[in-house]
Amino acid sequence: MVTEADIRLADGRTLHAYDTRAGASGSPTVVFWLHGSPNIGSPPEPLFAAAEANGLRWVSYDRPGYGSSGPHDGRAVRSAAADVTAIADALGIGRFAVLGHSGGAPHALACAALAPGRVIAAAGVSGPAPFDADGLDWFAGWTPGIAAENRAAARGRAALEAHWAEAEPEDMGAFFTEADIAALGGRWSWLAGVAGQAMEQGNEGFLEDTLAATRPWGFQPAAIRVPVLLMHGAEDKMVPCAHGLWLAAHCPAAESRTVPGAGHITVLDSAPEALAWLAARARS
């Protein structure tokens, strides 16, 4: 069972949080789910069984501008660390792990970098590298539409809004492998659902996420000292695998796993391995 609550922050903003504590037994380790872009923050139902098997409790939230969370114009990736710790404080949670997918992965790394006293370990799945990543051709491997979107975002809110008003949508096959598309219609239909809900409510959250991705993150991956697991699908068409390899090379605390044959969605079939990895770090 998932319970939901609106949490008022010290700066007056409200974040909408989700918690599976009611369905957990004993004192399970908390794993914060950092959702992708665009999604709402409902915890990942297809991974509930794997979490329970590893003694884990899901907590998550709608990032600002998504779902029932208020906007936070000008936010950076680093902002997630303060938001997550504020939710943890409100729910009486001390230490916790974090797991982020796609656009949520950099936010998980932010928690690891900026709240090391609270974060036990972090896992990032198929996430992009920083926009200013040294030595990485950041735009190489993106679809033309995503590359154009990010170039517009780098020029600011007005430029991104103007780009979206004029851009022609790309076919799903530009972003996803055939296996990804099949998974979105089957075992990962939950993910298609939360993405649809996010966009039905408007694009503010997605806009803030896209702008944040093209600004300095506010921390360096090299500064992370807690254990990190980075997973990326070798056939990812949404976020180039080179981004995951760059992060692994520039984060000394990280273990890297490239999943053969996996795309942006089917890489999540390996997420139970990440949960087992997080659980093991929580016990050590």
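First, a word on scope: everything that follows refers to the structure included in this document. Source: prediction; values computed, not measured.

Quick notes on the rules
- Within each chain, residues carry numbers counting from 1 in the order of the written sequence.
- Given that this is a predicted model, residues contribute local features only at a pLDDT of at least 70 and side-chain atom pairs are listed and counted only at 80 or more, while totals for whole chains, interfaces and linings are drawn from all residues.
- Side-chain numbers here rest on the full set of heavy atoms in the structure, without hydrogens or water.
- Each helix is a run of H or I in the DSSP string that is no shorter than four residues. Each strand is a run of E no shorter than two, and both are numbered from the N terminus.
- The rule is simple: take the accessible area with a 1.4 Å probe, protein chains only, and divide by the maximum for that residue type; under 20% is buried, over 50% is exposed, in between is partly exposed.
- By definition, residues are in contact when any of their heavy atoms lie within 4.5 Å.
- Here, Shrake-Rupley sampling with a 1.4 Å probe gives the accessible areas, and only protein chains in the shown set may cover a residue.
- Positive residues here are Lys and Arg, negative ones are Asp and Glu, while His and the chain termini are left out of the count.
- To locate a charge, take NZ of a lysine, CZ of an arginine, CG of an aspartate or CD of a glutamate.
- Any carboxyl oxygen of Asp or Glu within 4 Å of a side-chain nitrogen of Lys or Arg constitutes a salt bridge here.
- Orientation is described by lines fitted to C-alpha atoms, with helices fitted over the stretch in contact, and by angles between N-to-C directions that extend from 0 to 180 degrees.
- Note that the term roughly parallel is reserved for angles under 35 degrees, roughly antiparallel for angles over 145, roughly perpendicular for angles of 65 to 115, and oblique for everything else.
- When the centres of two rings from Phe, Tyr and Trp lie within 6.5 Å, Trp using its six-membered ring, the rings pair. Their planes under 30 degrees apart give stacked, over 60 give edge-to-face, and anything left gives tilted.
- By the criterion adopted, a ring carries a charge over it if an Arg CZ or a Lys NZ lies within 6 Å of its centre and within 35 degrees of its normal.
- Any two strands with at least two DSSP bridges between them are considered paired.
- Orienting the strands away from the viewer, one traces the path from the first strand over the helix to the second; a clockwise path indicates a right-handed crossover.

This part takes up the overall build of the chain. Along the chain, the regular secondary structure elements total 11 helices and eight strands. Buried positions account for 55% of the 284 residues belonging to the chain. Contacts spanning at least 24 positions in sequence make up 76% of the contacts within the chain whose residues lie at least 6 apart. A total accessible area of about 11400 Å² is found for the chain, and carbon and sulfur atoms account for 53% of it. The centroid of the 19 positive side-chain charges in the chain is displaced by 9 Å from the centroid of its 30 negative side-chain charges.

Attention now moves to the pattern of salt bridges. Scanning all chains against the criterion turns up 13 salt bridges. Residue arginine 157 pairs with aspartate 73 through a salt bridge whose shortest N-O separation is 3.1 Å. A residue pair is termed long-range when its members are at least 10 positions apart, and arginine 157 in helix H5 (residues 157–166) and aspartate 73 in the loop between strand E4 (56–61) and helix H2 (79–90) qualify at 84 residues. Here arginine 157 falls in the partly exposed class, since its relative accessible area comes to 25%. Residue classification places aspartate 73 among the exposed residues on the basis of a relative accessible area of 54%.

Moving on, we come to the packing of helix H4 (residues 144–153) against helix H9 (residues 204–213). Relative to each other, H4 and H9 sit at 80°, their axes nearing to 8 Å. Of the possible angle classes, the one that applies to H4 and H9 is roughly perpendicular. Contact residues: Glu149, Asn150 and Ala153 in H4; Phe206, Thr210 and Leu211 in H9.

Counted according to the given criterion, the structure contains 10 aromatic pairs. Judged by centre distance (6.2 Å) and plane angle (70°), the ring pair of phenylalanine 175 and phenylalanine 176 falls under edge-to-face. Here the two residues phenylalanine 175 and phenylalanine 176 agree in accessibility, since each one is buried. An aromatic cluster is built from Phe131, Trp138, Phe139 and Trp142, whose rings are joined through pairwise contacts. Above the face of the phenylalanine 139 ring, arginine 151 is positioned so that its terminal group lies 3.8 Å from the ring centre.

A large share of strand E7 (residues 228–233) lies buried, amounting to six of its six residues. What you see with E7 is no split at all: Val228, Leu230 and His232 on one side and Leu229, Met231 and Gly233 on the other are buried throughout. Where E7 lies against strand E8 (residues 254–259), six bridges are found, and the strand directions are parallel. If you follow methionine 231 over to E8, its bridge partner there is arginine 257. Once you follow E7 into helix H10 (residues 241–250) and on to E8, the crossover reads as right-handed.

Each strand in a sheet pairs with another by means of backbone hydrogen bonds, the pair being arranged parallel or else antiparallel. Taking strand neighbours across the sheet as the criterion, the eight strands line up as E1-E2-E4-E3-E5-E6-E7-E8 in an open arrangement whose pairing is mixed. Each of the sheet's edge strands pairs with one partner strand only, and the pair in question is strand E1 (3–8) and E8. Ignoring strand direction, the axes of neighbouring strands in this sheet form an average angle of 20°. Sheet topology places strand E3 (residues 29–34) next to E4; five bridges connect them, and they run parallel. Considered in E4, the bridge of phenylalanine 32 is made with valine 59. Set on the sheet, H10 makes contact with E7 and E8; between it and E7 the angle comes to about 160°.

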